[in-house]
Amino acid sequence: MTGNLPLLYKVASSHAETQDSFSLRLEPIGAALPAFEPGQFTMLYKIGVGEIAISVSGDPTTRDGSLTQTIRDVGAVSRALTATRAGDVIGVRGPYGHGWGLDQAAGHDLVIIAGGVGLAPLRPVVLGALARRHDFGRIVLIAGARTPGEFLFTEQLAAWADEPGLEVQLTVDQPATAWDGQVGFVTEPLSTLEIDVRRTIAFVCGPEPMMRFCANVLLAKGLPARSIKISLERNMQCGVGLCGHCQLGPLLICRDGPVIDYECAAQLLATREL
Amino acid sequence: MGPVPMASADQLARIRPFDRLTPAHQSLIATTARDVNFPEGATIFSDGQPAVGCWLIRAGHVALGTEVPGRGQVVVQTLGPGEVLGWSWLVPPYHWHFTAVASTEVSAVEFDTARLRALADSDPALGYPLSLGFFEIVVARLQHTRSRLLDLYGSPRDR
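Residues numbered from 1 in each chain as written. Chains lettered and ligands numbered in written order. Predicted model: local features only at pLDDT ≥ 70, side-chain atom pairs only at ≥ 80, totals over all residues. Heavy atoms only, no water.

With that settled, the discussion passes to the side chain of A:Thr68. Following the sequence through the fold, A:Thr68 ends up in strand E5 (residues 67-72). With near-sequence residues (within four places) excluded, A:Thr68 lies in contact with A:Ser23, A:Leu24, A:Arg25, A:Val56, A:Ser57, A:Gly58 and A:Arg123. (Helix = DSSP H or I, 4+ residues; strand = E, 2+ residues; numbered from the N terminus. Contact = heavy atoms within 4.5 Å.)

See the structure below:
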């Protein structure tokens, strides 16, 4: 973190991932933010519109100062950000929060489970783990989407399917005519996945109910709750644990998260109106 | 399809819906099993037909679907290794409700469901845990389906 003022970044490219999600590649105009860890987020500032928290979706081994961030158009600021084009300038501050802890997961099998746009903050995990493949045991990626056309990073997923040392299972809720892959919720391939619970770390990101359902499947397999990491999304505003907008029980998600052990998260997610 | 060898009782002991049975009952069930293979595109069963057979998928994937006017055959679910295909043989009216097609080459263990049902009917000590095992599978699949019904990945703008 380099203080709380945004640094200026130029949009180098904008890539439409789906109908409503875009990946922006950002290049620093002057000073660059520090390198990020997989799972951390930045605050993206569309000048004159507002600022939102977006997790970094790019390659964590990149050292040229650039950032890749994937944004879904769900509100005024995200719409303005997805509408930016090459050459536009935005403000960026961060990176903030606790990431997935990929370094601490070295020596383990990784089970990575993504639902919908939850694949965005998990892509750096896959890229980071593949960059140091010998540090990990099995690496399994299970990704779900509503339809085949709603997967993010389709070219990368296709390449990963052929990647030795990476087991990829894609599944959709609703198939399309040309889809010959799996049909079912992400919990289905997860249910039949055989894992060694003594040496597995699970990273789960997606809508909260999906993460709960996946955690239940993993717990039923005997995986300890502390070995299940989930990424939470709340209304981050300051990004540094000062304003309290992202409070969840005793946690400030911007500071204590966004990635949290399920051992801690389970009770919080089960409490209504929290 | 290539018949034999049969599934062993040891194998069945590790697999729901047979893991609750006694070793003696698992050995009995194993005598109703045989190995089968389906080429990609093979129809394993069709909706409306009498429900005969139950398969434990060992490798490959099976697509369950139904014909929808204007859309053709719509896949509602795929099943893969370790999953059980076919439970309509267990309850009246003993007809398939969907069509099962091998979406890849499939190898599976096929059970003689007429014998399974006869064994379960004649011995509740076998029939009850067997039914309970299938019930757990059905409940799990219902929960997966309910999760999908939530349409969790849809855009917040659509809600």
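Structure's up, so let's keep going.
This next bit is on the sheet that holds strand E15 (residues 259-261) of chain A. Spatially, E10-E9-E8-E7-E11-E12-E15 (chain A) is the arrangement adopted by the seven strands of the open sheet, whose pairing is mixed. Each end of this open sheet is capped by a strand with a single partner; those strands are strand E10 (182-183) and E15 of chain A. (Pairing = 2+ DSSP bridges.)

The next subject is the environment of B:Val52. Within the secondary structure, B:Val52 is located in the loop between strand E2 (43-45) and strand E3 (54-59). As a C-alpha pair, B:Val52 and B:Phe111 span 59 residues in sequence and 9.2 Å in three-dimensional space.

Facing 28 residues of chain A, the contacting portion of chain B comprises 20 residues. Carbon and sulfur atoms make up 53% of the surface buried where chain A meets chain B, a total of about 2100 Å² over both sides. It is A:Arg146, A:Val183 and A:Glu188 that lose the most area in chain A upon contact with chain B, and together they represent 27% of the buried surface on that side. Joining chain A to chain B, the criterion identifies one salt bridge. (Buried area = accessible area lost by both parts, 1.4 Å probe. Salt bridge = Lys/Arg side-chain N within 4 Å of Asp/Glu carboxyl O.)

This part covers the pattern of salt bridges. Counted according to the given criterion, the structure contains 17 salt bridges over all chains. Note that A:Arg132 is salt-bridged to A:Asp103, the shortest N-O span being 2.6 Å. In this pair, A:Arg132 is assigned in the loop between helix H2 (119-131) and strand E8 (139-145) and A:Asp103 in the loop between strand E6 (89-96) and strand E7 (109-115), connecting sequence segments 29 residues apart. A relative accessible area of 55% places A:Asp103 in the exposed class. For B:Glu110, the salt bridge identified is with B:Arg34, shortest N-O distance 3.0 Å. In this pair, B:Glu110 sits in strand E8 (residues 106-111) while B:Arg34 sits in strand E1 (residues 33-38), placing the two residues 76 residues apart along the sequence. Take B:Glu110: its relative accessible area is 15%, and that puts it in the buried class. Judged by its relative accessible area of 32%, B:Arg34 falls in the partly exposed class. A network of salt bridges, in which partner residues are shared, links A:Arg25, A:Glu27 and A:Asp64. (Buried < 20%, exposed > 50% of the residue type's maximum accessible area, 1.4 Å probe, protein only.)

Residue and element names in this part refer to chain B. With 26 residues, helix H4 (residues 124-149) ought to run about 38 Å at 1.5 Å a step, and its terminal C-alpha atoms sit 36 Å apart, in line with that. What H4 keeps buried is the set Leu-126, Gly-127, Pro-129, Leu-130, Gly-133, Phe-134, Ile-137, Arg-141, His-144, Ser-147 and Arg-148. Taking the backbone nitrogen of Ala-125 as reference, a side-chain oxygen 3.0 Å away marks Asp-123 as the first, capping residue of H4. Positive phi shows up at Asp-151, right after H4, with a value of about 50°. (Expected span 1.5 Å × (residues − 1). Polar contact = N/O pair within 3.5 Å; in protein donor to acceptor, adjacent residues only side chain to side chain.)

Of note, the amide linkage connecting A:Gly257 to A:Pro258 takes the cis form, showing an omega dihedral of 5°. As for its position among the elements, A:Pro258 is in the loop between helix H6 (253-256) and E15. Cis geometry marks the peptide bond from B:Pro92 to B:Pro93; its omega dihedral reads 10°. Among the structural elements, B:Pro93 can be located in the loop between strand E6 (84-85) and strand E7 (99-102). Notably, A:Phe153 is not glycine yet its phi reads approximately 55°, a positive angle. The residue A:Phe153 is located in the loop between E8 and helix H3 (154-161) in this model. By relative accessible area, A:Phe153 is classed as buried at 3%. You will see that B:Tyr94, though not glycine, has its phi angle at about 60°, which is positive. By the secondary structure assignment, B:Tyr94 is in the loop between E6 and E7.

One open sheet accounts for four strands, arranged E1-E8-E3-E6 (chain B); its pairing is antiparallel. A single partner strand is all that each edge strand has here, and the edge strands are E1 and E6 of chain B.

This part covers the environment of A:Ala35. Residue and element names in this part refer to chain A. The topology assignment puts Ala-35 in the loop between strand E2 (21-28) and strand E3 (41-46). The spatial distance from the C-alpha of Ala-35 to the C-alpha of Pro-95 is 7.7 Å, given a sequence separation of 60 residues. In contact with Ala-35, other than residues within four places in its own chain, are Gln-40, Arg-63 and Pro-95.

Residue and element names in this part refer to chain B. One ladder, built from two bridges, connects E2 with E7; its direction is antiparallel. For Thr-43, the partnering residue across the bridge sits in E7 and is Val-101. Summarising the sheet, strand E4 (residues 62-68) and E7 pair through four bridges and their orientation is antiparallel. In the strand pairing of E7, Leu-64 is matched with Ala-100.

Function-wise, these values are silent; they only describe arrangement.
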